[in-house]
Amino acid sequence: MKNAFTIAGKELRAAFVSPIAYVVLTGFMLLGGWFFFNLLNRFNFLVQIYMSFRSPEVQSRLNLNELVVAPLLGNLSVVLIILVPVITMRSFAEEKRAGTYELLLTSPLSIAEIVIGKFIGVVAFLLIMLGLTAVYPAILLIYGNPEPGIIAAGYLGLFLLAVSFATVGLLTSSFTDNQIVAAVSCLIVLLLLYVISWPAETAGPTLAAVLRYLSLTEHFSEMVKGVIETKDLIYFGSVIVLALYLTHRSVESVRWR
Amino acid sequence: MRRSQSLLGLLGLVFLLFAVIAGAFTGGRTIIDVVYIAANGVAGVFCLIAYLSAGLEQVRHVVSERSTRYGANVIVGSLAFLGVLIVLNYLGARHSKRFDLTEQKVYSLSDQSVNVVKNLENELKMIAFVEGGINPELRDLLSNYARYSSKVSYELVDPDKQPELAEKYQIRTYNTVRVEYGNESTLVTQPTEENITNAIIKVTRKTRKVVCVIEGHGEPDLDDLQSPKGLASFRTALTNENYEVKKVLLASEPKVPDDCSVVVIAGPQRPFLDHEMQAIESYLDGGGRLLALIPPRTGAEFGPVLEKWGVKLGNDVVVDQVVRLFQGPALGLTPLANTYGFHEITRDFKQRTIFPMTRSVKADAAGKSGLTAVELVKTSPSSWGETDLDGVFQRGEASLDGSSDLKGPVPVAVAVEANLKQMGKEKDGSARLVVFGSIEFASNRELDGTFYNRDLLMNAVGWLVGESDLVSIRPRGIRASRIQFTPEQSLMTFYLTVLLIPQLLLIAGIAVWWRRE
């Protein structure tokens with residue numbers, strides 16, 4: 001496990017000496033800030049409108065959780081679909097292109113340590129990324145009174161979503177030595193998992209249930225609402241474990257191909 | 001093996017894959033689906049055969065290669081791993097634990113609902129008729145019921161796609177939920193948790209409440225489905241809510257039958273006999289429940305009786321000529337109402353109702369002890385109670401006459417709760433009355449029409465039979481929250497979130513880049 005952390009540290013350092021990390025972080029926070037500020041403005045606008053209409057019933061339904069936090073997390077999840085493949089595309093593809101892959105594989109590290117190490121590196125980067133966005137709920141909690149439980153559940157959902165994205169990115173990166181191919185194929189898989197439930201409303205009941213279950217959005221949106229179900233945790237866990245397992249197999253295949 | 005042969009193998013797999021996907025999604029229902037699936041399937045099989053027949057020798061060679069063996073191992077291993085995960089997810093989905101982190105437990109059922117659902121003995125089925133078959137909130141609500149009991153099942157149906165089902169269950173509006181339990185069923189038109197849970201209580205109740213409708217005085221027929229003035233819709237509405245409807249010929253009975261939970265007097269055209277009136281009075285004295293629909297120019301014998309119970313029938317007819325503007329040439333004898341008194345029957349009731357040919361009905365409990373009378377519905381301020389009945393019905397004219405007519409808003413329905421002890425009767429308990437000044441209010445045309453007469457009438461019946469075992473569940477929502485900024489703080493938020501943080505990250509990036517260069 002110590003080796004895995006060494007790899008993770010190396011990955012993280014590599015990210016921060018390359019411009020990618022800064023481009024991703026700057027872009028993410030720029031978009032995040034823009035979403036947050038505008039949602040907040042709209043919320044204040046609605047409050048003022050309904051105050052001037054004197055409709056206490058509508059006013060009593062206006063809350064920061066539904067009108068600011070939920071759409072913010074939803075928008076960030078879409079941005080993550082685009083940015084996470086960019087973060088993970090390097091992990092194996094870059095090593096293959098640069099020719100350091102063989103060195104890595106012939107080192108005394110086990111393949112599991114390599115995969116887990118890279119995984120931890122990416123997760124650490126995601127934690128930094130999502131950690132920076134904590135400034136938004138912090139502002140809400142300082143100046144307003146949203147329900148913290150819902151925010152916590154939503155953030156847990158966003159984190160699990162990001163980690164699932166990252167493992168898919170690691171998998172596609174392990175297939176190829178071309179970073180563009182790695183990023184684009186990851187993007188496509190993620191988008192597919194995001195929209196796979198769209199035909200569910202019209203499909204037969206069994207197929208609909210399966211499609212809905214496969215969709216990342218369904219599980220994520222439950223958590224954004226403030227509901228944590230063990231089945232959602234199991235789903236995210238399964239995506240992560242399966243992608244890591246397949247990545248392991250894919251990396252290992254170099255040895256016998 | 002030559003490259004072109006591996007190409008054949010790969011193509012074969014692609015063809016088969018797309019055949020399977022097309023099959024799973026279309027089910028091969030149309031000719032196009034069948035052609036597509038068949039073409040891909042045949043092409044796939046053909047390619048694979050070509051690939052394999054390129055030389056069994058070569059295939060055998062490939063199979064015996066080390067990499068093929070490893071590859072097969074990986075595929076089998078991965079499939080097994082996937083299988084384990086699928087089983088795990090299947091079990092996890094079936095035995096899921098749920099943690100509702102909202103402060104008011106918005107997405108969980110209240111304890112009352114959970115109790116009701118857990119005590120079910122037979123299968124309970126809920127069918128929600130929603131626009132397009134899609135309504136996430138209602139689906140969430142119904143799935144919550146199913147979560148607590150395996151006996152509960154639900155489905156969402158698009159009434160436009162399955163009109164035969166909507167017709168069969170008499171669905172009139174979107175978002176109606178039919179609750180079925182054995183042979184019993186009921187419709188919920190405003191599917192809140194409270195209403196659905198109460199519907200479940202109603203259909204699972206062992207004994208049914210009996211609604212006795214008095215006949216024999218030229219009342220509109222309870223079985224008359226065809227004529228707009230018939231009462232068959234009222235009967236259906238009652239049956240749908242799990243009441244038993246019984247016709248009673250009071251003239252041939254010594255008293256109101258004992259099994260009546262509520263007695264309905266539905267627009268008598270001829271006067272009640274003396275002994276019928278006595279039967280009704282002694283029924284009320286004993287804690288009876290009476291729904292009286294008494295239109296203008298009828299039921300004079302009820303005047304004095306109802307007055308004792310705090311209800312004053314006006315000898316008039318309500319005219320609203322503002323409404324007439326939209327209705328063409330008419331006197332304006334079909335006033336609309338959307339002003340409701342504060343009462344359990346009209347709680348949360350905001351819709352419009354229509355009262356064709358109605359008299360005024362006023363609450364008149366002042367000075368009478370033990371009576372609480374509430375005027376349920378009032379027509380618009382532009383309406384009035386016209387006392388010149390001859391003028392209206394013979395000469396066809398009506399005008400507001402300040403001295404004798406009742407100026408609007410005119411009350412047209414009253415609900416009375418009577419505490420028998422306080423009234424000086426011997427019995428404990430209470431009697432309840434609801435009096436409407438119109439019978440057409442409850443006719444086929446108005447119950448099935450665009451107004452909400454049905455809901456108001458059924459609320460009244462529900463209150464009369466005093467469904468004390470029904471629960472009340474406060475609607476819950478995420479707590480309203482506010483945020484307060486001074487303009488400076490708002491500006492600071494903008495600087496911090498949109499400008500400063502991204503700017504610092506950008507500068508850090510440039511610094512790193514500059515050092516590396």
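Since we're looking at a predicted model, the values are computed, not measured. (Residues numbered from 1 in each chain as written. Chains lettered and ligands numbered in written order. Predicted model: local features only at pLDDT ≥ 70, side-chain atom pairs only at ≥ 80, totals over all residues. Heavy atoms only, no water.)

Visitor: Please explain the overall build of chain B as it appears in this structure.
Guide: A tally of regular secondary structure across chain B gives 16 helices and 19 strands. What you see for chain B is a C-alpha radius of gyration of 35 Å, clearly larger than the 24 Å of a compact globule of 517 residues, by over 25%. For the C-alpha atoms alone, the extent of chain B along its principal axes is close to 110 × 65 × 50 Å. Each of the 517 residues in chain B was classed as buried or not, and the buried ones make up 44%. (Helix = DSSP H or I, 4+ residues; strand = E, 2+ residues; numbered from the N terminus. Rg over C-alpha atoms; globule rule 2.2 N^0.38 Å. Buried < 20%, exposed > 50% of the residue type's maximum accessible area, 1.4 Å probe, protein only.)

Visitor: What is the right way to read the state of the cysteines from this model?
Guide: Simply put, the disulfide is a covalent bond whose two ends are the sulfur atoms of two cysteines. Residue and element names in this part refer to chain B. What the rule picks out here adds up to one disulfide over all chains. Across the disulfide from C212 sits C260; the S-S distance is 1.9 Å. One disulfide, between C212 and C260, carries an S-S torsion of -95° and so falls in the left-handed class. Of this pair, C212 sits in strand β6 (residues 210-214) while C260 sits in the loop between β7 (244-248) and β8 (262-266), and the two are 48 residues apart along the sequence. (Disulfide = S-S within 2.5 Å.)

Visitor: Explanation requested: helix α6 (residues 136-148) of chain B in the structure shown.
Guide: In an α-helix, one turn spans 3.6 residues, which is why side chains three or four residues apart end up on the same side. The terminal C-alpha atoms of α6(B), which comprises 13 residues, lie 19 Å apart, in line with the 18 Å expected from a rise of 1.5 Å per residue. Within α6(B), burial applies to B:L138, B:R139, B:L141, B:L142, B:S143, B:N144 and B:Y145. (Expected span 1.5 Å × (residues − 1).)

Visitor: Can you walk me through the sheet that holds strand β16 (residues 384-386) of chain B in this structure?
Guide: Strand pairing in a sheet is mediated by backbone hydrogen bonds. Such pairs are either parallel or antiparallel. Residue and element names in this part refer to chain B. Taken together, the three strands give an open sheet; going across it, the order is β11-β16-β17, and neighbouring strands pair in antiparallel fashion. Two strands lie at the open edges of the sheet, namely β11 (317-319) and β17 (406-407), each paired on one side alone. In this structure, β11 lies alongside β16, joined through three bridges in antiparallel fashion. Bridging across to β16, V318 finds its partner in G385. (Pairing = 2+ DSSP bridges.)

Visitor: What is the right way to read the pattern of salt bridges from this model?
Guide: What the rule picks out here adds up to 31 salt bridges over all chains. Residue B:D364 is joined to B:K368 by a salt bridge in which the shortest nitrogen-to-oxygen separation is 3.8 Å. Given the relative accessible area of 25%, B:D364 is considered partly exposed. Of the charged contacts, one joins B:D428 and B:K421 as a salt bridge, the two residues approaching to 3.1 Å between their closest N and O atoms. One network of salt bridges, in which partners are shared, links A:E222, A:K225, A:E229, B:R98, B:D140 and B:R147. (Salt bridge = Lys/Arg side-chain N within 4 Å of Asp/Glu carboxyl O.)

Visitor: Honestly, the sheet that holds strand β12 (residues 336-340) of chain B in this entry has me stumped. Any pointers?
Guide: Residue and element names in this part refer to chain B. The nine strands are arranged β7-β6-β8-β9-β19-β18-β15-β12-β13 in an open sheet whose pairing can be described as mixed. Two strands close off the open sheet at either side, each with one partner strand: β7 and β13 (353-354). Sheet analysis places strand β9 (residues 289-293) next to strand β19 (residues 430-436), joined by five bridges and oriented parallel. Paired with L293 across the two strands is F436, which belongs to β19. Strand contacts of helix α9 (residues 232-240): β6, β7, β8 and β9, with the helix running at about 135° to β7, the strand carrying the most contacts. Packed on one face of the sheet, helix α15 (residues 453-464) meets β8, β9, β12, β13, β15 (371-379), β18 (411-419) and β19 and runs near 160° to β19. (Contact = heavy atoms within 4.5 Å. Axes fitted to C-alpha atoms, helices over the stretch in contact; angles between N-to-C directions.)

Visitor: I'm lost on the confidence of the model for chain A in this one. Help?
Guide: In low-pLDDT segments, the atomic positions of the prediction should not be examined closely. In the predicted model, chain A carries a mean pLDDT of 90, and the fraction of residues at 70 or more is 99%. Averaged pLDDT values for the elements of chain A fall to 73 in helix α3 (residues 56-59) of chain A and rise to 95 in helix α9 (residues 148-175) of chain A. (pLDDT = per-residue confidence, 0-100.)

Visitor: Could you clarify how one ought to interpret the packing of helix α4 (residues 64-88) of chain A against helix α10 (residues 179-195) of chain A in this entry?
Guide: For any two helices packed against each other, the geometry comes down to the angle between their axes and how far apart the axes lie. Residue and element names in this part refer to chain A. At a minimum axis distance of 7 Å, the contact between α4 and α10 shows a crossing angle of 150°. For the element pair α4 / α10, the angle class is roughly antiparallel. Residue-level inspection shows G74, S77, V78, I81, I82 and P85 of α4 in contact with α10, the latter providing A183, C186, L187, L190, L191 and Y194. Looking at the contact of α4 with α10 residue by residue, the class counts come to 10 nonpolar, two polar and no charged. (Parallel < 35°, antiparallel > 145°, perpendicular 65-115°, else oblique. Nonpolar A, V, L, I, M, F, W, Y, C, P; charged D, E, K, R; others polar.)

Visitor: So what exactly am I meant to see when it comes to the side chain of A:E113 here?
Guide: All names here are of chain A. Looking at where E113 falls in the secondary structure, it is placed in helix α7 (residues 111-133). Exposure remark for E113: the relative accessible area of 19% places this residue in the buried category. Once you skip the residues sitting within four places of it in the chain, E113 turns out to touch M1, N3 and A4.

Visitor: Quick question: what am I supposed to make of the confidence of the model for chain B here?
Guide: Residue and element names in this part refer to chain B. Confidence in the prediction for chain B averages 86 pLDDT; 95% of positions are at 70 or higher. For chain B, helix α12 (residues 321-324) is the element with the lowest average pLDDT, namely 66, and β9 is the one with the highest, namely 94. In the model output, the complex is listed with pTM 0.73 alongside ipTM 0.88.

Visitor: What's the story with the interface of chain A and chain B in this structure? I'm lost.
Guide: Note: interface size is frequently given as the accessible area lost on complex formation between the parts. Counting residues at the interface gives 62 residues for chain A and 55 residues for chain B. Taking both sides of the interface into account, the surface hidden between chain A and chain B amounts to around 5200 Å²; carbon and sulfur atoms contribute 64%. When residues of chain A are sorted by the area they lose upon contact with chain B, A:Y143, A:E147 and A:W256 head the list and together hold 15% of the total. Where chain A meets chain B, there are five salt bridges. With a closest N to O distance of 3.9 Å, B:R98 and A:E222 form a salt bridge. Joining chain A to chain B, the criterion identifies 22 residue pairs in polar contact (both at pLDDT 80 or more). Counting residues per element, the side of chain A that touches chain B draws most heavily on helix α2 (residues 19-53) of chain A, which supplies 13 residues. For the side of chain A that touches chain B, the per-class residue count stands at 37 nonpolar, 14 polar and 11 charged. (Buried area = accessible area lost by both parts, 1.4 Å probe. Polar contact = N/O pair within 3.5 Å; in protein donor to acceptor, adjacent residues only side chain to side chain.)

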